[in-house]
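Observations on the three-dimensional arrangement
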Amino acid sequence: MSSTEQPSAPPANVLPRVAAVRVVEGERLGSVHLPGITLTVRSRHPAREGLPPALYIHGLGGSSQNWSALMPLLDDVVDSEAVDLPGFGDSPPPDDGDYSVTGHARAVIRHLDAAGRGPVHLFGNSLGGAVATRVAAVRPDLVRTLTLVSPALPEIRVQRSAVPTGLLALPGVVALFTRLTKEWTAEQRVRGVTALCYGDPARVSPDGFRNAVEEMERRLRLPYFWDAMARSARGIVNAYTLGGQHGLWRQAERVLAPTLLVYGGRDQLVGYRMAQRAARAFRDSRLLTLPDAGHVAMMEYPETVATAFRELLADTDGRAVGRSTDGAVDDEPANQTTGG
């Protein structure tokens with residue numbers, strides 16, 4: 001499902017210099033150069049050597065920074081890396097201009113294959129949830145467990161509040177939007193994004209808000225920012241229309257990895273009603289519902305999400321021990337629902 005359009009952004013070696021990406025204490029940034037793509041990877045030193053690897057994938061318009069609240073809470077159980085998808089965060093656009101869900105999944109797979117880190121505990125939010133689902137379905141050897149926060153899986157009745165984001169996929173809409181909003185400040189844009197993505201925008205600290213404004217100012221200076229947004233939005237819409245074995249719901253049914261699903265009751269972009277359908281689709285799943293959370297529960301309620309993942313990890317490790325001692329475990333345990 002590659003894009004047929006030629007990339008409109010300049011190549012990475014002629015991009016303008018912009019402010020440095022923020023790195024919080026304990027984090028480090030690195031670049032991974034692969035055929036056709038360069039990925040920025042945010043990582044943390046694990047509490048000890050030998051911990052299993054984890055990889056985090058952000059959503060549309062996000063970056064690896066979206067996981068900075070969750071990663072330190074898991075330092076003692078996993079070795080964490082968060083990737084900037086091509087064209088987002090500090091990663092330059094892909095050479096082929098392919099921002100489809102398949103294109104993003106291919107970038108993740110290339111990184112995991114090149115690094116030899118698989119199988120990983122794979123996390124995904126929104127667009128990253130769709131990408132992670134595809135990775136887990138087509139390369140089960142790369143995924144130990146799957147944690148999806150408000151995954152962008154196809155909905156028949158899309159919420160009205162999600163329509164403007166979907167409209168970015170239409171030709172000419174981005175150009176019109178940038179003209180209409182050219183006078184908006186970075187602060188105004190961040191307030192709008194926060195109101196859309198958080199169940200309670202007041203949960204964003206003053207420091208967090210200032211950091212988000214600085215990041216928005218940095219991104220707006222990138223000549224490919226809106227192109228990456230539009231093409232990735234188009235990629236989600238295209239993925240929603242695919243049927244057969246390439247459909248995301250069909251691929252969800254093929255996922256073998258134990259899966260934690262996290263849905264927010266105040267999510268304005270992914271319908272809360274989709275939680276039960278997802279719990280049925282993923283064969284080995286458990287569901288964490290957070291009635292007061294929005295679209296980015298790992299940023300609003302990182303402690304709760306971390307606790308749920310620890311439970312998933314403990315149960316998964318317990319089953320692995322069961323396999324080694326008893327030789328068999330149940331293939332399809334019942335779904336579990338936890339209220340937040």
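Residues numbered from 1 in each chain as written. Predicted model: local features only at pLDDT ≥ 70, side-chain atom pairs only at ≥ 80, totals over all residues. Heavy atoms only, no water.

**Concerning the nonpolar core**
Applied cut-off: Working definition of a nonpolar core: buried Ala, Val, Leu, Ile, Met, Phe, Trp, Tyr and Cys residues. They are joined through side-chain atoms within 4.5 Å. The buried label applies to any residue whose accessible area, calculated with a 1.4 Å probe on protein chains only, is under 20% of its type's maximum; exposed applies above 50%, and partly exposed to all values in between. Secondary structure follows DSSP: runs of H or I at least 4 residues long count as helices, runs of E at least 2 residues long count as strands, and numbering of each begins at the N terminus.
One finds L122, L146 and F282 to be the most contacted residues of the largest nonpolar core, which totals 52 residues. Considering every element that reaches this core, the biggest residue donor is helix α2 (residues 127-138), with 7 residues. By size, the runner-up hydrophobic cluster in this structure holds 35 residues, among which are V149, V305, A306 and L313.

**Remarks on α2**
This is how the line gets drawn: Multiplying one less than the number of residues by 1.5 Å gives the expected span of a helix. Working rule for contacts: check all heavy atoms of both residues, and any pair within 4.5 Å makes them a contact.
Its 12 residues place the ends of α2 17 Å apart at the C-alpha level, agreeing with the 16 Å of an ideal helix rising 1.5 Å per residue. Within α2, 11 of the 12 residues are buried, leaving the element largely enclosed by the surrounding structure. Inspection of α2 places L127, G128, G129, A130, V131, A132, T133, R134, V135, A136 and A137 among the buried residues, and these make up the whole buried set. Buried residues along α2 sit in contact with β3 (53-57), α1 (101-115), β5 (120-125), β6 (143-149), α7 (225-241) and α8 (248-254).

**A few points about the side chain of T316**
With respect to the helices and strands, T316 occurs in helix α11 (residues 302-326). When near neighbours in sequence (up to four residues on either side) are disregarded, T316 contacts T145 and P258.

**So, the pattern of salt bridges**
Two side chains with opposite charge may pair up if their charged atoms get near one another. Rules: Here a salt bridge means any side-chain nitrogen of Lys or Arg lying within 4 Å of a carboxyl oxygen belonging to Asp or Glu.
Evaluation of the coordinates by the stated rule reveals 17 salt bridges. D79 is paired through a salt bridge with R117; the nearest N and O atoms lie 3.9 Å apart. Of this pair, D79 sits in strand β4 (residues 79-84) while R117 sits in the loop between α1 and β5, and the two are 38 residues apart along the sequence. What makes R117 buried here is its relative accessible area of 16%. The salt bridge involving E187 is made with R191; its shortest N-O contact spans 3.2 Å.

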